[in-house]
Amino acid sequence: QVQLVESGGGLVQPGDSLKLSCAASDAFSRYAMAWFRQAPGKAREFVAAITWNYGSTYHPDSVKGRFAISRDKAKNSVYLQMNSLRPEDTAVYFCAATTRVGPISLDRAAYEYWGQGTQVTVSS
């Protein structure tokens, strides 16, 4: 059973940076990995994705220019660098993986594997 374990969350001030990490327990065949986030009372929101083999990335307009996803195949890990954080970025951030080949999906249903999440709180 593949496990995804996130780390790096915490409490930061507006304008600060934070880097999240997601390590997979085993090497497994995946097409892409992604980050989602979920704020209290809101739906889980797509944040970024990266194709595993080629490293192609996708960031929605809501985070483009501030967040950047990357991966390290040797470490079997994916990262989310978050800059210029805002209070509205406060959420639990989840790592996910999909074996589905095709265009990057923004739909959480397309991702088979999920981590437990890490809390990010942006507050002064």
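You'll find the structure just up there.
Residues numbered from 1 in each chain as written. Predicted model: local features only at pLDDT ≥ 70, side-chain atom pairs only at ≥ 80, totals over all residues. Heavy atoms only, no water.

**Q** For the pattern of salt bridges, give the residues involved together with the corresponding values.
**A** Scanning all chains against the criterion turns up four salt bridges. Salt-bridge contacts for Glu-45 lead to Arg-37; the nearest nitrogen and oxygen are separated by 2.8 Å. On the accessibility criterion, Glu-45 (31% relative accessible area) is partly exposed. Arg-37 sits in the buried class, given a relative accessible area of 7%. In this structure, Arg-66 and Asp-89 form a salt bridge, with 2.7 Å as the shortest nitrogen-oxygen distance. One end of the pair, Arg-66, is in the loop between strand E6 (57–58) and strand E7 (67–72); the other, Asp-89, is in the loop between strand E8 (77–82) and strand E9 (91–98), and 23 residues separate them in sequence. As far as burial versus exposure is concerned, Arg-66 and Asp-89 are alike and both buried. When salt bridges that share partners are traced, they join Arg-37, Glu-45, Arg-66 and Asp-89 into one network. (Salt bridge = Lys/Arg side-chain N within 4 Å of Asp/Glu carboxyl O. Buried < 20%, exposed > 50% of the residue type's maximum accessible area, 1.4 Å probe, protein only. Helix = DSSP H or I, 4+ residues; strand = E, 2+ residues; numbered from the N terminus.)

**Q** A description of the state of the cysteines should follow, citing residues and the corresponding values.
**A** Going through the model one piece at a time under the given rule, you end up with one disulfide. Each sulfur of the disulfide joining Cys-22 and Cys-95 lies 2.1 Å from the other. Between Cys-22 and Cys-95, the disulfide has an S-S torsion of -75° and is therefore left-handed. With a gap of 73 residues between them, Cys-22 in strand E3 (residues 18–24) and Cys-95 in strand E9 connect regions that are remote in the sequence. On the basis of relative accessible area, Cys-95 is assigned to the buried category, the value being 0%. (Disulfide = S-S within 2.5 Å.)

**Q** I'd like a description of the nonpolar core, backed by residues and values.
**A** Counting 27 residues, the largest nonpolar core has Leu-4, Trp-35, Leu-80, Met-82 and Tyr-93 as the members making the most contacts within it. If you list the elements that add at least two residues to this core, you get E3, strand E4 (32–38), strand E5 (45–51), E7, E8, E9 and strand E11 (118–122). In terms of nonpolar packing, the next biggest core, distinct from the first, is built from seven residues, Phe-46, Ala-96, Ala-110 and Tyr-111 among them. (Core = buried A, V, L, I, M, F, W, Y, C linked by side-chain atoms within 4.5 Å.)

**Q** Break down unusual backbone geometry for me, citing the residues and quoting the values.
**A** Trans peptide bonds make up most of the peptide bonds, and negative phi angles are found at most residues other than glycine. Here Asn-76, not a glycine, exhibits a phi torsion of approximately 55°, which is positive. Along the polypeptide, Asn-76 turns up in the loop between E7 and E8. A positive phi angle, close to 50°, is found at Ser-84, a residue other than glycine. As for its position among the elements, Ser-84 is in the loop between E8 and E9. Judged by its relative accessible area of 41%, Ser-84 falls in the partly exposed class.

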